[in-house]
Amino acid sequence: MTKCTATTAAGNPCRAHAVRGSDPPLCSIHSGRVVEGRRGNQNARTHGFYAHTLDAQELADLVAYAGDETLEDEIAVNRVLLRRLMEYLARVQEAEGELSRADLATIGPLILRSTHNIARLLRDRRALSGDSADGLMGAIGQALDELSTEWGIEL
């Protein structure tokens, strides 16, 4: 199947499949066409939360990043989602004043989960780069030096 020839906001080529018959080959997001799935298929449905908080370019970026295997892109996607969630929260609070307990019970865990995902991805990136290993080895070396001095032996 042909890939979309458009580029994302980040300047990367779109990785989504092109809509059949589009010239030039473009995915449904970049072509502006709505592609309907088979009757009853919910995979093609635009979900309310994302449809209301992400613009067309961000949705295209999410489609483009869906198959990516780099942590940098995953971190970027999670940051986009967290930013949009915070913007949504600010709009709701501005429109309604104080948030209801139900809104807080729904949005609070999403924000916490999103920040946790970003922190975990940053930790994983650091671990894979070897920076954390150097830090861990340095901490172990310092602890051994202190024990060596305290006990008066060579470790």
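Residues numbered from 1 in each chain as written. Predicted model: local features only at pLDDT ≥ 70, side-chain atom pairs only at ≥ 80, totals over all residues. Heavy atoms only, no water.

Engineer: Explain the overall build of the protein here, please?
Structural biologist: Looking only at helices and strands, the protein features 6 helices and 0 strands. N-terminal to C-terminal, the α/β element order of the protein is α-α-α-α-α-α. Taken over 155 residues, the protein has a buried fraction of 21%. Sequence separation of at least 24 residues holds for 43% of the intrachain contacts in the protein that already meet a minimum separation of 6. (Helix = DSSP H or I, 4+ residues; strand = E, 2+ residues; numbered from the N terminus. Buried < 20%, exposed > 50% of the residue type's maximum accessible area, 1.4 Å probe, protein only. Contact = heavy atoms within 4.5 Å.)

Engineer: Could you clarify how one ought to interpret the pattern of salt bridges in this entry?
Structural biologist: When their charged atoms lie close together, side chains carrying opposite charge are able to pair. Scanning all chains against the criterion turns up 4 salt bridges. For the salt bridge of Glu-87 with Arg-83, the shortest nitrogen-to-oxygen distance reads 3.6 Å. You can see Glu-87 and its partner Arg-83 sitting in helix 4 (residues 71-96), 4 residues apart, about one turn around the helix. Salt-bridge contacts for Arg-120 lead to Asp-124; the nearest nitrogen and oxygen are separated by 3.9 Å. Of this pair, Arg-120 and Asp-124 both sit in helix 5 (residues 101-129), 4 residues apart, which is roughly one turn of that helix. Assessed through its relative accessible area of 31%, Arg-120 is described here as partly exposed. Classification of Asp-124 by relative accessible area gives partly exposed; the value is 25%. A single salt-bridge network, built from bridges that share partners, covers Arg-83, Arg-84 and Glu-87. (Salt bridge = Lys/Arg side-chain N within 4 Å of Asp/Glu carboxyl O.)

Engineer: For this particular structure, what's the right way to read the confidence of the model for the protein?
Structural biologist: A low pLDDT score tells you not to read the predicted coordinates there in detail. Averaged over the protein, the pLDDT score is 76; the fraction of residues at 70 or greater is 75%. The element-level mean pLDDT for the protein is lowest in helix 2 (residues 48-53), coming to 53, with helix 5 highest at 85. (pLDDT = per-residue confidence, 0-100.)

Engineer: How do you make sense of helix 4 when you look at a structure like this?
Structural biologist: The periodicity of an α-helix, 3.6 residues per turn, causes residues three or four positions apart to be oriented the same way. The end-to-end C-alpha distance of helix 4, which contains 26 residues, comes to 37 Å, matching closely the 38 Å that a straight helix rising 1.5 Å per residue would cover. Listing the buried residues of helix 4 in full gives Asp-73, Ile-75, Val-77, Asn-78, Leu-82, Arg-84, Leu-85, Leu-89 and Val-92. Directly beyond the C-terminal end of helix 4, a positive phi value near 80° is found at Gly-97. (Expected span 1.5 Å × (residues − 1).)

Engineer: Mind showing me how you'd approach unusual backbone geometry here?
Structural biologist: Outside of glycine, negative phi angles account for most residues, and trans bonds account for most peptide bonds. Here the residue pair Asp-23 and Pro-24 is connected by a cis peptide bond, since its omega of 5° sits within 30 degrees of zero. By the secondary structure assignment, Pro-24 is in the segment before helix 1 (28-31).

Engineer: Explanation requested: the packing of helix 4 against helix 5 in the structure shown.
Structural biologist: In a pair of packed helices, the angle between the axes and the distance between the axes together describe the arrangement. Running from N to C, helix 4 and helix 5 point in directions that differ by 160°, and their axes come no closer than 10 Å. Between helix 4 and helix 5, the angle falls in the class roughly antiparallel. The way helix 4 lies across helix 5 gives a crossing that is left-handed. Residues that form the contact of helix 4 with helix 5 fall into these classes: 15 nonpolar, 4 polar and 7 charged. (Axes fitted to C-alpha atoms, helices over the stretch in contact; angles between N-to-C directions. Parallel < 35°, antiparallel > 145°, perpendicular 65-115°, else oblique. Left-handed = near helix turned anticlockwise from the far one by under 90°. Nonpolar A, V, L, I, M, F, W, Y, C, P; charged D, E, K, R; others polar.)

Engineer: Explanation requested: the nonpolar core in the structure shown.
Structural biologist: If you look at soluble globular proteins, the nonpolar side chains tend to sit buried side by side. Counting residues in each nonpolar core, the largest one holds 8 residues, listed as Leu-82, Leu-85, Leu-89, Val-92, Leu-99, Ile-107, Ile-111 and Ile-118. If you tally residues by element for this core, the top one is helix 4, at 4 residues. Cys-14, Ala-16, Leu-26 and Cys-27 belong to the second largest nonpolar core, which has 6 residues in total. (Core = buried A, V, L, I, M, F, W, Y, C linked by side-chain atoms within 4.5 Å.)

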